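Here's the letter readout for the chains.
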Amino acid sequence: MTRYNYKYLFEAIIIFSILTISGCGQKVSQNYGTSIDEDTSVLSTENSENNISNSLDIEYSQDSTVNVKIYSQEDYENFINQLEGDKKIYSVYLDLCDLDTIIYLDKLLENQNIRYLDIKNGGVICVRDKHLLETGSLYGISLYHVSAVQENMLDHFSGLEICIRLDDRYTGRLPTRDLLNNTDCESIVLIRDGTGQLNGTDTYHDENRMEWAHFYSVLPLENQYMKGLYRVNHESCSYTSYEFCKKDTQETCAAFVCVKDKESDGRHYFDILEIPKVELSNISRYEGRRFYFEDINFDSYEDLLFLGNNDRIKLYYQCTGFLWDDNEKIYKLCETVPHNFKGIDGEKERLIYSTSGSASDDEYYIYKYDGNEYKEERLEVRQISEEKIVWQYFLDGKLDKEIKADLNKSQNFYTVIYYEDGEIKEEELIDADCNIWETGKKYFPAFDFYNNG
């Protein structure tokens, strides 16, 4: 039995649980690369619900979601029959158990209530009536380790989120060109798992796109392949992350962000931003957002954040920041943008972050932009023993202030003696039930998010 830990995250941050998958029939080794006969008929859909295969495994949940395991083409057709009459289904999750089941998306989407579609572990994904893809009510589609995807299909989706992960068993043509030709989708994710060989399928190169001239000029593409692609439309521009790996080591060797105006696909505005080499080892590939658009230097213009870790749990994590220069109308790399932060405080014009190294150690960070770079303020809280706590304040990495406290418990109270520079600063009596880590908070008022980490 194999387990896949699969996640796809929408705007509302949906995190999927681990799904257990039973081993099924062997995958057919067949190349569906060039096209799929659109005149091909699916199996008869005249079967009634009473004829559903005994092996069909369907689970319905209260949130209008259906999970089904498909063990044969007949199972799939019977499921489609059952789905046609059910108007309360909004999300469909199909586990194809490593079979090359033919999936016609237009047939699935005849149920106009389906908003999200997840297909994994096999399946030849195709369509006969592309009009249904353009007019359907689908919000998002996820294809996880499918067998093949019909060419010239994905560019017909409009206004939704597409996420595709391919493994080495994929036998079709890469859908990269179709995805990049689709300028109307909210977001696109394409990730290549495994070694990137894809049963001998050639890697994607596109000399007709302006960005590839740049890639050819700086990369020996014969020894590398595109491991990940993330694209999102934001206001008048599209933002695409091209991420390359070495074929022999799978090590990320280059990553670029291509910015184009949507109207002319880059003829009116075009720029290439490179992720610094020192940041490449921090890049992971989940299905979460790769880009955030926030005003992080508080000049009234949105800046671009590239998230190296995009699992969407840690939020702004492993960031590379590009600040918008409105005079030159370009993004510029700012090397002092903090790698990690959790909040953007527009009122106080700062970025904040907190972390706990252990049950007795906390750290709090404030980052402020001075017009040229970000300055860091850090507060470290350490409980040395049950009777001693130390607060250390650092400014740009240098210790600037240290407060120590001795706590002596007597009945229901603590007697707290604060020391600074070895001399007694203050003595007070506090309730024994209070949070002793907060006793020195008053000496560091800038850290008003103290103990929120």
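Keep in mind it's a predicted model, so treat the numbers as computed, not measured.

K.L.:
Help me out: how do you make sense of the overall build of the protein chain in this one?
P.N.:
Within the protein chain, the regular secondary structure consists of five helices and 26 strands. Per-residue burial for the protein chain yields a buried fraction of 51% across its 453 residues. Nonlocal contacts in the protein chain, meaning residues at least 24 apart in sequence, comprise 50% of its contacts between residues at least 6 apart. Here the protein chain has roughly 21,200 Å² of accessible surface; of this, 44% comes from carbon and sulfur atoms.

K.L.:
Mind showing me how you'd approach the pairing of strand β10 (residues 187–192) here?
P.N.:
Looking down a regular strand, the side chains alternate between one sheet face and the other. In terms of residue burial, β10 counts as a mostly covered element, since six of its six residues are buried. Alternating residues of β10 divide into Ser187, Val189 and Ile191 and Ile188, Leu190 and Arg192, and every residue in both groups is buried. As paired strands, strand β9 (residues 161–166) and β10 are joined by six bridges and run parallel to one another. Residue pairing in the sheet places Ile162 in a bridge with Ile188 of β10. With helix α4 (residues 176–181) bridging β9 and the parallel β10, this β-α-β connection has right-handed handedness. By the bridge criterion, five bridges tie β10 to strand β11 (residues 224–234) in an arrangement that is antiparallel. Bridge pairing links Ile191 to Gly228 in β11.

K.L.:
Please clarify how empty space enclosed by the protein should be interpreted in this entry.
P.N.:
Using a probe with the size of a water molecule, rolled over the atoms, empty space left in the structure can be pinpointed. Taken as a whole, this structure holds three cavities of 30 Å³ or more when the rule is applied. Space inside the largest cavity adds up to approximately 40 Å³. Around the largest cavity, the lining residues are Leu180, Arg209, Glu211, Arg231, Ser238, Thr240, Tyr242, Cys258, Lys260 and Asp265. When residues in the lining of the largest cavity are grouped by element, the largest group, three residues, is from strand β12 (residues 237–246). Partitioned by chemical class, the residues of the lining of the largest cavity number three nonpolar, two polar and five charged.

K.L.:
When you look at unusual backbone geometry in this model, what are you seeing that I'm missing?
P.N.:
Positive phi values are uncommon outside glycine, yet Asn121 reaches one of about 60 degrees. Secondary-structure assignment places Asn121 in strand β6 (residues 116–126). For Asn121, a relative accessible area of 0% corresponds to the buried category. Here Asp421, not a glycine, exhibits a phi torsion of approximately 55 degrees, which is positive. Here Asp421 shows up in the loop between β25 (413–420) and β26 (423–431).

K.L.:
Just checking my understanding: could you explain the pattern of salt bridges for this structure?
P.N.:
Where charged atoms of side chains with opposite charge meet at close range, the side chains can pair. One pass over the structure, following the stated rule, counts 29 salt bridges. Its salt-bridge partner being Arg165, residue Glu287 comes within 2.8 Å of it at the nearest N-O pair. In this pair, Glu287 is assigned in the loop between β14 (270–274) and β15 (291–294) and Arg165 in strand β9, connecting sequence segments 122 residues apart. As far as the burial class goes, Glu287 and Arg165 line up, both buried. A cluster of three or more residues bridged by salt bridges with shared partners is formed by Glu363, Glu376, Arg378, Glu380 and Arg382.

K.L.:
So what exactly am I meant to see when it comes to the sheet that holds strand β21 (residues 361–369) here?
P.N.:
Hydrogen bonding along the main chain pairs the strands of a sheet, whether they run parallel or antiparallel. Spatial ordering of the open sheet is given by β19-β20-β21-β22-β23-β24-β25-β26, a layout of eight strands whose pairing is antiparallel. Every interior strand has two partners, whereas the edge strands, β19 (343–345) and β26, have only one. Taken pair by pair, the neighbouring strands of this sheet meet at an average axis angle of 20 degrees, ignoring direction. Where β19 and strand β20 (residues 350–358) come together, three bridges link them in antiparallel fashion. Counted as the bridge partner of Asp345 is Arg350 from β20.

Here is what the cut-offs are and how they apply
Residues numbered from 1 in each chain as written. Predicted model: local features only at pLDDT ≥ 70, side-chain atom pairs only at ≥ 80, totals over all residues. Heavy atoms only, no water. Helix = DSSP H or I, 4+ residues; strand = E, 2+ residues; numbered from the N terminus. Buried < 20%, exposed > 50% of the residue type's maximum accessible area, 1.4 Å probe, protein only. Contact = heavy atoms within 4.5 Å. Areas by Shrake-Rupley, 256 points an atom, 1.4 Å probe, with all protein chains shown as cover. Pairing = 2+ DSSP bridges. Right-handed = clockwise from strand over helix to strand, strands pointing away. 1 Å grid on protein atoms, 1.4 Å probe; cavity = no way out; pocket = protein on both sides within 12 Å on 5 of 7 lines; lining within 4 Å. Points joined across faces, edges and corners; volume = space filled by probe spheres on them. Nonpolar A, V, L, I, M, F, W, Y, C, P; charged D, E, K, R; others polar. Salt bridge = Lys/Arg side-chain N within 4 Å of Asp/Glu carboxyl O. Axes fitted to C-alpha atoms, helices over the stretch in contact; angles between N-to-C directions.

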